[in-house]
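One letter stands for each residue in the lines below.
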Amino acid sequence: MASYKAPLRDMRFVLYELMGGDELSQLPGYEEFTRDLIDPVLEEAAKVCEQVLHPLNRSGDEEGCTLENGVVRTPKGFVEAYKTFREGGWTSIACDPAYGGQGLPKAVNTLVEEMICSANLSFGMYPGLTHGAYVSLHGFGSDSLKDAYLPKMVDGTWSGTMCLTEPHCGTDLGLLRTKAVPQGDGSYKITGTKIFISAGEHDLTENIVHLVLARLPDAPAGVKGISLFLVPKFLPDSAGNPGERNGVSCGAIEHKMGIKASATCVMNFDDATGWLIGSAHKGMQAMFAMMNTERLSVGIQGLGLAEASYQGSVAYARERLQGRSLSGVKHPDKPADPIIVHPDVRRMLLTQRAYVEGCRALGAWAAKSLDVKNHHPDARVRQDADDFVQLITPVIKALMTDLGFESTNLGMQVLGGHGFIREHGMEQYVRDCRISQIYEGTNGIQALDLVGRKMPAHAGRLLRSFFHPVQAYIEAHMEDAVMGEFVQPLAKAFVRLQQATGQIARTGMAKPDEAGAAASDYLRLFGLTALAYLWARMAQQSLDQVDGEDGAFYRAKIGTARFYMERLLPQTGALFSAIMAGGKSMMDFAEDAF
Amino acid sequence: MAGINKVAVIGAGVMGAGIAAHVANAGIPVVLLDIVPKDGANRDAIAEGAVARMLKADPAPFMSKAAARLVTTGNTEDHLDLLAECDWIVEAVIERLDIKQALYARIDAVRKKGSVVSSNTSTIPLENLVAGLPDSFAADFCITHFFNPPRYMRLLEVVGGAKTRADALEVVSDFADRSLGKSVVRCKDRPGFIANRLGVYWLQAAVVEAIDAGLAIEDADSIIGKPMGIPKTGIFGLIDLVGLDLMPHVIGSMSQSLPANDPFHAITRPAPVVERMIAEGFTGRKGKGGFYRVNREKNKAKEAIDLGSGEYRAQRRADVPAIKAAGRSLTKLFDHDSAHGRYAWAVMGRTLAYACALVGDAADQVESIDEAMRLGYNWKFGPFELIDQVGTDWFAAKLAASGWAVPEILKIAAGKTFYRVDNGTRQVLGQDGQYHDMVRPDGVIMLADIKLKSQPVLKNGSAALWDIGDGVACFEFTSKMNALDPDIMDLLGKSIRRVKKDFKALVIYNEGSNFSVGANLGLALFAANIAAWTEIEAMVANGQATYRALKYAPFPVVAAPSGMALGGGCEILLHADAIQAHAETYAGLVEVGVGLIPGWGGCKEMLARWQSLGKLPKGPMPAIGKVFEMISTAQVAKSAAEAQEALILRPGDGVTMNRYRLLADAKAKALSLVDGYQPPAEPSFVLPGATAKVALDMAVAGFQRMGKATPHDGVVSGALAGIVSGGDTDVTETLDEDALLDLERQAFMSLVRHPDTLARVEHMLMTGKPLRN
Ligand SMILES: Cc1cc2nc3c(=O)[nH]c(=O)nc-3n(C[C@H](O)[C@H](O)[C@H](O)COP(=O)(O)OP(=O)(O)OC[C@H]3O[C@@H](n4cnc5c(N)ncnc54)[C@H](O)[C@@H]3O)c2cc1C
């Protein structure tokens, strides 16, 4: 059975040493968030995740959710675990203090999210969706709606959902059909069917607040005619408690590959009462606000699962005895050497490790930028941070889930046939991770967002927030004798990224198919280069500490950095070639020849 | 008969004064007279006042302050004898027959024999103007109808009467063409001539149809606008500009003089909304507001008239799904089943049909009518070009289906187009049903014609090289907005090698509305955003090398700009052996506006010009100061004449008044340089270095203290000061061109990395306006 230990040491490294986490408390409004406050939060979170959530991960997967007479039951232990989680204040850590939240910096919250995803992703979906709904409502809802719903969502007594998808419309929300008819009293009647709704129905909370995309009768066609509505499962009574049952019900739950303990529901809205959030026809705007933070969170799901899988595969590789080392017997006392001596096993383990630690740093960079964007006193610094968040969000979502899937898959491989057997829990990580590449906008759509929206925005200004610091870093350390081994490969990848960016900008304008053809490879090239930059910085951070008290930790960092630069970063060469080859071979291929 | 060496304009109103100013722009002395004012001591006050007002007006009627000095002002009582010296006398007084005729008699008494007299009337038939006057006067008399503002509107309608001497018309037309730069369209003596007869019909039809259909004026303006290549002011925006009160005047006089069967009468029904607006003083931009207004009482809110209620309401964006649905197809727009589609057809179907009706009445050739609408109303396509777009047969069928008469010329054109290209020659359909070659006036060469007939010598996505005959090649920018990019530099380099081999001379010229507004900023900004510094530096170095190669090429190079030649587009002029500029050339080194400095040799060339040609006190400092001032304030010469003052044009460079004659003049100039051609000698520079930089920096600091320069202006000016002062040098040293180019490049590279510069570039690209950070 897999076990899980929160990687607190590495998290502290990323937060305090790499990202200068102490700076957080210098942002106005964050004065209290010093190390003395953050460390205990991380330790407490680790405890809940290791001791409460993780033990339910495999049983939840085995048991799944059940639907009976319209009532969805979560697996055994979830209700109690949720109670503990809620009472521990974990639903409210990242929320606005005005509504009972704890206002924790995003940089800290992201680490907590990672632990939850490692421990039990299915469980994490419930509070995760609530948080997404919270963000939209908080950003765009009227004061009366916010006062009525936010406190309960923040303290976790009510949960939330995001209802976008319909049977005929997933990526292309312009096709949406659900209708909203104004009632003249400020409320609306919502009618339609939503599918694939995570946490649409369950037994963890006394009420469920659905945020539903629908069309008003006079709405223009396409995405410009979509509005966002709040539709509670129970209409609040005069005291604000769940009252009359609303016209919303769960018609079915899906049977699926992974996250089986997370209920994925068909939701029927039948003249359900709802209220408009934000302006009419401007629903996508509110939705995008939520999506940006949600996409970051989904990226973190990939990271969390990869971390959990890495822990499992390392433990197994130390124990499992098979074959002898190619360079001579390492453990003559044993019938065979542990498989960790084998180069190919090391390749797998280090790949997992390099991706995991690199992605953790990347997530932290984005999260800290969000904090800066929200709290920095200087408008220019805020804009720069915001530019970076916008730019890197699709990269994080797609890169971290793709690498998460690769890593969990490698983790399973390390266990050989035993990885394929459910008992070890390794195949569950693979299955659970797979959805993260699909929902919240498929990874293909993320790549299109990067090249089609983020790249051309403001004549390329968003790119500046990444390219300028990296270029400056390269220029500053290129000639450095010690850092050279890390910075030179980075520089090579960076030039590839620059050239690919220029190429796409040039050809993509005239021929959009060319940009579309390059998009996924380009996103990966971008992501790998971003990780290279962070790995160079992590190595630099570690160099003068290798002989200190914690020397082993820093030596491992440098070793992983070296592996990343030498063995993983060269993929950028292949990606670059593929991008420069253009999309003709795909687009010239006759459609009926498929 | 001799040409026109002196001109008189009588009547110093907006039109008369503007005509006088433009004659002066051509370098011809001009007498401007008006009546003696009823009160006041100064008997010349009206004409003098007009000149004074014009010197302050924007857009400027004069091309330079010097031109204003060619105008002699006076009054019609004391100074009529001045007409005796004039070869052409233009009457532009109030539109009253009795007053005009009385004036003609007095003019006839003093004018010199054989001088031409013309009226700028827009409404009174020539026949009536000369009625009762001696035949000798009528023989010298014609109508020359200018458009407002006379400097900028290129159309001149010329009408001769039965008695007018052919050579009188010829002399005036030729002068208008070559000296005033006008495109002369001969019209018959019919009310409103061509442009206003059709233009006013069109405007009035659009107003009454919009009222009948209950359209929002924003929607109407967006329909009768961009989709048909009509300026975005549309209908109501244009009427606001010309003045609502002018319309009833013109319409009234035309409906009086046109025969009862003229289709004009169909659209002259009263429009009470408009009448009320005029009565209350809402006469357009010159009045309290027009169909659109900015409401000062409501925080400068933009408002528009509701045609139904006659009340102002908040202006809103046009919302016309029909335009989107039609795409680029005019037939789809005219056929669109919506109020908007029906409106488009009601207005344009009628107007185009009326244009057809004018053939044989107002003018004999369809191309005259097209030219009049293109140049008089700034339509991108003339009415017959528009009919060709929808197809003559489609148009005739739709007219018939609408129950409207199908004009004769359309029957002649059945199954044909009005224009066609036959063997590389543009042809036009005549009233005889035959196609006729379109012949350019003598001495006009158009690149467009050459392009129809031949293949480019060299070509890529952003530029082309053409053979324009007699051993001269023409380099043309073809990129979007003629922005300079690496492809242009590449082809320019190749062209230099090719011309050296196969031609005698090179002309740099194009027929875009602007010569070039400079480097492609979008490309540069994108490269800067991805920190592609080596690429940017290569772009700068490559531009420097290419322009340098152009300058020292072993054959003469003539640059022939028209419209804007800014930034890199100005720098290329500075590297030519000679410039033949269209009079309407707007040139300057404006890079500081986007936080940069001229990096393709512009600083160096301006410095060389002012050192050697500037009439300045001794020593290096005056020239440095002058160049620094020009570049650091992004000065733009607003005419070729101003460009001469700025030394962008040198003595010996030429100015062409008529846009159509620019290429021919440039070619002639290039050929004149061929014999014994020697590339220019390389200039050298003795510059003071640090001491000069300190002085310039102090001046900028002063401007900053006064709030006239922003913080980033200081940074940019500092970089510029570093170049023009010579960098790390002193007066004991002599610098060559390369040293200055290095300074330009280094300064450019340091600025392009500056976030405030990038913010300026981004702002310019996004908004078209400079950012003052
Ligand atoms: C377990 C689970 C939970 C979910 N939870 C929620 C939820 O809580 N709320 C909710 O609203 N939805 C939810 N979804 C729905 C999910 O977000 C969608 O499945 C996803 O957006 C993709 O839509 P689709 O399935 O219709 O695929 P499609 O849109 O049909 O896409 C199919 C394929 O085509 C590609 N594609 C589509 N359009 C383009 C294009 N323009 N260019 C290039 N490629 C394109 C896609 O990348 C994909 O590979 C969930 C789904 C699952 C499976």
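Cut-offs applied
Residues numbered from 1 in each chain as written. Chains lettered and ligands numbered in written order. Predicted model: local features only at pLDDT ≥ 70, side-chain atom pairs only at ≥ 80, totals over all residues. Heavy atoms only, no water. Helix = DSSP H or I, 4+ residues; strand = E, 2+ residues; numbered from the N terminus. Rg over C-alpha atoms; globule rule 2.2 N^0.38 Å. Buried < 20%, exposed > 50% of the residue type's maximum accessible area, 1.4 Å probe, protein only. Contact = heavy atoms within 4.5 Å. Areas by Shrake-Rupley, 256 points an atom, 1.4 Å probe, with all protein chains shown as cover. Lys, Arg positive; Asp, Glu negative; His and termini not counted. Charge placed at Lys NZ, Arg CZ, Asp CG, Glu CD. Near = heavy atom within 4 Å. Polar contact = N/O pair within 3.5 Å; in protein donor to acceptor, adjacent residues only side chain to side chain. Nonpolar A, V, L, I, M, F, W, Y, C, P; charged D, E, K, R; others polar. Axes fitted to C-alpha atoms, helices over the stretch in contact; angles between N-to-C directions. Parallel < 35°, antiparallel > 145°, perpendicular 65-115°, else oblique. Left-handed = near helix turned anticlockwise from the far one by under 90°. Pairing = 2+ DSSP bridges. Buried area = accessible area lost by both parts, 1.4 Å probe. Salt bridge = Lys/Arg side-chain N within 4 Å of Asp/Glu carboxyl O. pLDDT = per-residue confidence, 0-100. Core = buried A, V, L, I, M, F, W, Y, C linked by side-chain atoms within 4.5 Å.

1. Regarding the overall build of chain B
Here is step 1: Helix and strand content of chain B: 32 helices and 24 strands.
Here is step 2: Compactness check: chain B gives a C-alpha radius of gyration of 28 Å against a globular reference of 28 Å for 773 residues, within 12% of the reference.
Here is step 3: Projected onto the principal axes, the alpha-carbon positions of chain B cover approximately 85 × 65 × 60 Å.
Here is step 4: Counting the 773 residues in chain B, one finds 55% classified as buried.
Here is step 5: At a minimum sequence separation of 6, the contacts of chain B that also span at least 24 residues come to 70%.
Here is step 6: Only carbon and sulfur atoms are counted for the fraction: they give 54% of the accessible area of chain B, which is about 31700 Å².
Here is step 7: Side chains of chain B give 82 positive and 88 negative charges; the mean places of these two sets differ by 2 Å.

2. Things to note about the site of the ligand
Residues and elements named next belong to chain A.
Here is step 1: Lining the immediate environment of the ligand, one finds 17 residues, of which Met162, Thr165, Thr171, Phe196 and Thr442 sit closest.
Here is step 2: Met162 places a main-chain nitrogen or oxygen 2.8 Å from a nitrogen atom of the ligand.
Here is step 3: Here an oxygen atom of the ligand sits 2.6 Å away from a polar atom, N or O, in the side chain of Thr442.
Here is step 4: Alone, the ligand offers 970 Å² of accessible surface; in the complex the protein occludes 60% of this.
Here is step 5: Of all elements in the fold, only strand S3 (158–163), strand S5 (187–198) and helix H12 (443–454) reach the threshold of two or more residues within the shell around the ligand.
Here is step 6: Among the elements that take part in the shell around the ligand, S5 stands out by supplying three residues, more than any other.
Here is step 7: Its residues assigned to classes, the shell around the ligand comprises ten nonpolar, six polar and one charged.

3. As for the packing of helix H1 (residues 8–18) of chain A against helix H5 (residues 106–140) of chain A
Think of two packed helices as two axes; the pair is described by the angle between the axes and how far apart they sit.
All names here are of chain A.
Here is step 1: Here H1 crosses H5 at 155°, and the two axes come no closer than 11 Å. Taken as axis vectors, H1 and H5 run roughly antiparallel relative to one another. Where H1 crosses over H5, the two elements pack in a sense that is right-handed. Contact residues: Leu8, Met11 and Leu15 in H1; Ala107, Val108, Leu111, Glu114 and Met115 in H5.

4. Remarks on the sheet that holds strand S17 (residues 472–477) of chain B
Residues and elements named next belong to chain B.
Here is step 1: Strand order in the open sheet formed by seven strands is S15-S16-S17-S18-S19-S21-S24, and the pairing between neighbours is mixed. Across the chains shown, the open sheet's two edge strands, defined by having one partner strand only, are strand S15 (458–459) and strand S24 (654–656).
Here is step 2: Here S15 pairs with strand S16 (residues 463–467) via two bridges, running antiparallel. If you follow Lys459 over to S16, its bridge partner there is Ala464.

5. Some points on the interface of chain A and chain B
Here is step 1: Taken together, the contact pairs 18 residues of chain A with 16 residues of chain B.
Here is step 2: Summed over both sides, the interface of chain A with chain B buries roughly 1400 Å², with 54% coming from carbon and sulfur.
Here is step 3: Counting the surface chain A buries against chain B, the share from its top three residues, Ala459(A), Arg464(A) and His468(A), is 37%.
Here is step 4: At the junction of chain A and chain B, the tally comes to four salt bridges.
Here is step 5: Note that Arg753(B) and Glu475(A) form a salt bridge whose closest N and O atoms lie 3.0 Å from each other.
Here is step 6: Applying the counting rule to chain A against chain B returns nine residue pairs in polar contact (both at pLDDT 80 or more).
Here is step 7: Among the elements of the structure, helix H13 (461–477) and helix H14 (484–510) of chain A are those that each provide at least two residues to the side of chain A that touches chain B.
Here is step 8: In terms of residue count, the dominant contributor to the side of chain A that touches chain B is H13(A) (seven residues).
Here is step 9: Class assignment of the residues belonging to the side of chain A that touches chain B gives a composition of six nonpolar, seven polar and five charged.

6. Things to note about the confidence of the model for chain B
Detailed reading of the predicted coordinates is not advisable wherever pLDDT is low.
Here is step 1: Mean pLDDT over chain B works out to 95, with 100% of the residues at or above the 70 mark.
Here is step 2: On the interface metric, ipTM, the complex scores 0.90, and its pTM is 0.89.

7. Notes on unusual backbone geometry
Residues and elements named next belong to chain B.
Here is step 1: Here the bond from Asp58 into Pro59 is cis, since omega is 0°, no more than 30 degrees from zero.
Here is step 2: For Pro59, the location among the structural elements is in the loop between helix H2 (45–56) and helix H3 (65–68).
Here is step 3: Omega for the peptide link from Asn148 to Pro149 comes to -5°, which places this bond in the cis form.
Here is step 4: With respect to the helices and strands, Pro149 occurs in the loop between strand S6 (141–146) and strand S7 (155–160).
Here is step 5: The phi angle at Phe193 is positive, at roughly 50°, despite the residue not being glycine.
Here is step 6: By the element assignment, Phe193 lies in the loop between strand S8 (183–187) and helix H8 (195–213).

8. Regarding the packing of helix H8 (residues 343–375) of chain A against helix H16 (residues 551–568) of chain A
Residues and elements named next belong to chain A.
Here is step 1: Where H8 meets H16, the axes come as close as 9 Å, and the angle between the chain directions of the two elements is 105°. One way to sum up the angle between H8 and H16 is to call them roughly perpendicular. Across the interface between the two elements, Arg347, Leu350, Thr351, Arg353, Ala354, Tyr355 and Glu357 of H8 pack against Ala556, Lys557, Thr560, Phe563, Tyr564 and Leu568 of H16.

9. Remarks on the nonpolar core
Here is step 1: One finds Phe466(A), Tyr522(A), Phe526(A) and Tyr564(A) to be the most contacted residues of the largest nonpolar core, which totals 168 residues.
Here is step 2: Sort the elements by how many residues they give to this core and helix H15 (residues 512–543) of chain A lands first, with 17 residues.
Here is step 3: When sequence neighbours within four positions are dropped, the list of residues in contact with Phe526(A) reads Leu391(A), Ile392(A), Val395(A), Leu450(A), Leu463(A), Phe466(A), Phe467(A) and Leu497(A).
Here is step 4: Listed in part, the 111 residues of the second largest apolar core include Val117(B), Ile194(B), Ile251(B) and Ala363(B).

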